[in-house]
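Descriptive structure summary
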Amino acid sequence: MNKKIQSALISVFYKDGLQEIVQLLDATGVKIYSTGGTQKFIEEMGIKVTPVESLTSYPSILSGRVKTLHPAVFGGILGIREDATHQREMKEFNIPEIDLVIIDLYPFEETVASTSDEAAIIEKIDIGGPSLIRAAAKNHKDVTVVAHKKDYPSLLQILKTQNNETTLDQRRNFAIKAFDICTAYDTAISNYFHGLSIKTAFAADEKKMRYGENPHQAAAFFGNLEEIFDQIHGKELSYNNLVDIDAAMQLLYDATENIPTGEIVFAIFKHTNVCGIAQRKNLLESWQAAIAGDPESAFGGVLICNAPVDKATAEAINEIFFEVLIAPAFDTDALLILQSKKKRILLKNKQPKNPFTKTTSSRSFLNGILLQDADSGNFSDWKEVGGRTSNEDEKADLAFANIVCKHLKSNAIALVKNKQLVGKGCGQTSRIDALRQAIEKARQFHFDLHGAVMASDAFFPFDDSVKLAHENGVTAIIQPGGSIRDKDSIDYCVKNNLAMVLTGMRHFKH
């Protein structure tokens, strides 16, 4: 059933985009109720406003904490128009009907991000706003609710084309969005007090994906990708693209957090595993070393680097098929080359530092949600326990290998030489199989493992992996330790003059 808007309650924190709506409501004879800064904003436009205080007979009190919490306001929103009892009581207590509610919420998350002053943060916990939004959304059979400025254009279009009337479907859709906004807002408050960083599926606009992990699966993304990067070329991002992009960016931020100025990292990802990565003095050399690690797996991959892409590197990259390239910038002549493929996705990373450091991670399992602290940090200790202390080159390679291994699916082994991934094994059901896979990869692409280092995401349950690595030329090993048989691996290293570092930090990834 269509409902005519004849009265509106407007009280918002953000005024941008509101002016045209207010002007149209006034021009069509809609009675406007407001309070505080919004009332002043509307009056300065020369438009008559009825103060909420005239309904409640109370001024705004307690430093603005109590303004609209009154039966005269909520009755006008919650009263069912076709219920005779409701209508009789509203008439008895002089409660006017309110047909349109335009309310937004105090910027709680923005305040948390900008200050550590708890008093200021708590003051931005909105009370009246969520209450009014929920009331209007509950009574959407009669009332239209707009709870975010992003919906102003939709409301404006309805007012212009439907003579101030809304359909039940339109009111229901606005109500769903309103409830979603309240859910996200309450989750943000709960996160603050619990010290968590859990996102709800309602915290941002829904972006429909072409499909999910497979074509028969529907999918959607909830979030604001524009905060992180600009897409400057290519097709629409897919579900699998986003999963790989997240994995790639997490590794890049980890690998570049403490590198010397001027060092360039280039990495290649497939199915969330890094298949090539290298650190060099210039971008082209970094790319060449990264792809050399596994040129076969690079086909159709996601590429990422921490330096602007120049023409020479673009020409080299252009020789292979890839899905996505992420970089902080692209030279003009490099773009001309890379844009030669219509569907190729080019993303400009706007966040040189990690913008989404996670304190917690969550996954849905069985009939609930599993929460854990995020895997932050790379090692809690650096304990040399081998037959000798690692030299400076080995130390650099061990630290690099440890980070790379952290971002591979378990069981994982990374073989690194001169800050280049030369072999990796991941997703294996035994550690020795992961090492065998890594050695085979190195052989496949003709790497000499003599002088290479090995990283393991977890302890060695036996000394077989250490022996096999040594037999193939590995001279230094990094692992968390913690096995009841650590001594077997350590004794082998001592006997054979191998360096071994225990980090005290396991990095399982499932």
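Given the structure is predicted, the values throughout are model-derived calculations rather than measurements. (Residues numbered from 1 in each chain as written. Predicted model: local features only at pLDDT ≥ 70, side-chain atom pairs only at ≥ 80, totals over all residues. Heavy atoms only, no water.)

**Re the pattern of salt bridges**
- Enumeration according to the criterion identifies 20 salt bridges in this entry.
- Taking the shortest distance from any N to any O, the salt bridge between Arg81 and Asp99 comes out at 3.3 Å. With Arg81 in the loop between helix H4 (71-78) and helix H5 (84-92) and Asp99 in the loop between H5 and strand S5 (100-103), the pair connects residues that are 18 residues apart, well separated along the chain.
- Asp230 is the partner of Lys350 in a salt bridge, and the nearest nitrogen-oxygen pair spans 3.2 Å. Highlighted residues: Lys350 in the loop between strand S15 (345-349) and strand S16 (360-365) and Asp230 in strand S10 (residues 229-233), separated in sequence by 120 residues.
- The class for Lys350 is partly exposed, based on a relative accessible area of 36%.
- Within the structure, one salt-bridge network assembled from shared partners comprises Arg81, Glu97 and Asp99. (Salt bridge = Lys/Arg side-chain N within 4 Å of Asp/Glu carboxyl O. Helix = DSSP H or I, 4+ residues; strand = E, 2+ residues; numbered from the N terminus. Buried < 20%, exposed > 50% of the residue type's maximum accessible area, 1.4 Å probe, protein only.)

**Topic: the packing of aromatic side chains**
- With the rule as written, the count across this model stands at 8 aromatic pairs.
- Seen in terms of ring centroids, Phe379 and Trp382 are 5.4 Å apart; in terms of plane orientation they differ by 70°. Their pairing is edge-to-face.
- Joined through ring pairs, the aromatic side chains of Phe108, Tyr185, Tyr192 and Phe193 make up one cluster. (Phe/Tyr/Trp six-rings, centres within 6.5 Å; stacked < 30°, edge-to-face > 60°.)

**Describing the side chain of Asp397**
- With respect to the secondary-structure elements, Asp397 resides in helix H15 (residues 392-406).
- Of the side chains bearing the opposite charge, Lys419 lies closest to the buried Asp397, which forms no salt bridge; the N-O distance is 6.3 Å.
- In this structure the side chain of Asp397 is engaged in a polar contact, spanning 2.7 Å, whose partner is the backbone nitrogen of Lys419.
- Not counting residues within four places of it along the chain, the set of residues in contact with Asp397 comprises Val416, Lys417, Asn418, Lys419 and Val453. (Lys, Arg positive; Asp, Glu negative; His and termini not counted. Polar contact = N/O pair within 3.5 Å; in protein donor to acceptor, adjacent residues only side chain to side chain. Contact = heavy atoms within 4.5 Å.)

**Thoughts on a negative patch on the surface**
- A grouping of Glu315, Glu319, Asp331 and Asp333 is seen on the molecular surface, where their side chains present a negatively charged patch.
- With respect to the helices and strands, Asp331 occurs in the loop between strand S14 (322-327) and helix H14 (332-338). (Patch = residues over 30% accessible without salt bridge, like charges linked within 9 Å, V, L, I, M, F, W, Y side chains within 5 Å. Areas by Shrake-Rupley, 256 points an atom, 1.4 Å probe, with all protein chains shown as cover. Charge placed at Lys NZ, Arg CZ, Asp CG, Glu CD.)

**Concerning the packing of helix H17 (residues 464-471) against helix H18 (residues 486-495)**
- Across the interface, H17 lies against H18 with an axial gap of 8 Å and an inter-helix angle of 25°. Comparing their axes, H18 and H17 come out roughly parallel. From H17, Val466, Lys467 and His470 reach across to H18, where they touch Ser489, Tyr492 and Cys493.
- When grouped by side-chain class, the residues that make up the contact of H17 with H18 number 3 nonpolar, 2 polar and 1 charged. (Axes fitted to C-alpha atoms, helices over the stretch in contact; angles between N-to-C directions. Parallel < 35°, antiparallel > 145°, perpendicular 65-115°, else oblique. Nonpolar A, V, L, I, M, F, W, Y, C, P; charged D, E, K, R; others polar.)

**Notes on a nonpolar patch on the surface**
- A cluster of nonpolar side chains, namely Phe365, Leu366 and Leu370, defines an oily patch on the protein surface of about 370 Å² accessible area.
- The residue Leu366 is located in the loop between S16 and strand S17 (368-373) in this model.
- Since its relative accessible area comes to 91%, Leu366 is described here as exposed.

**Section: helix H11 (residues 239-256)**
- With 18 residues, H11 ought to run about 26 Å at 1.5 Å a step, and its terminal C-alpha atoms sit 26 Å apart, in line with that.
- Buried residues dominate H11, accounting for 14 of its 18 residues. (Expected span 1.5 Å × (residues − 1).)

**A look at the sheet that holds strand S12 (residues 273-280)**
- Taking strand neighbours across the sheet as the criterion, the 6 strands line up as S10-S15-S14-S13-S11-S12 in an open arrangement whose pairing is mixed. Here the strands that pair on one side only, and so sit at the sheet edges, are S10 and S12. If you compare each strand with its neighbour and ignore which way they point, the axes differ by 20° on average.
- Bridge count between strand S11 (residues 264-270) and strand S13 (residues 301-305): 4 bridges; the pairing is antiparallel. Each residue of the ladder has a partner; that of Ala267, found in S13, is Ile304. (Pairing = 2+ DSSP bridges.)

Note that all results are geometric; they support no functional claim without further evidence.
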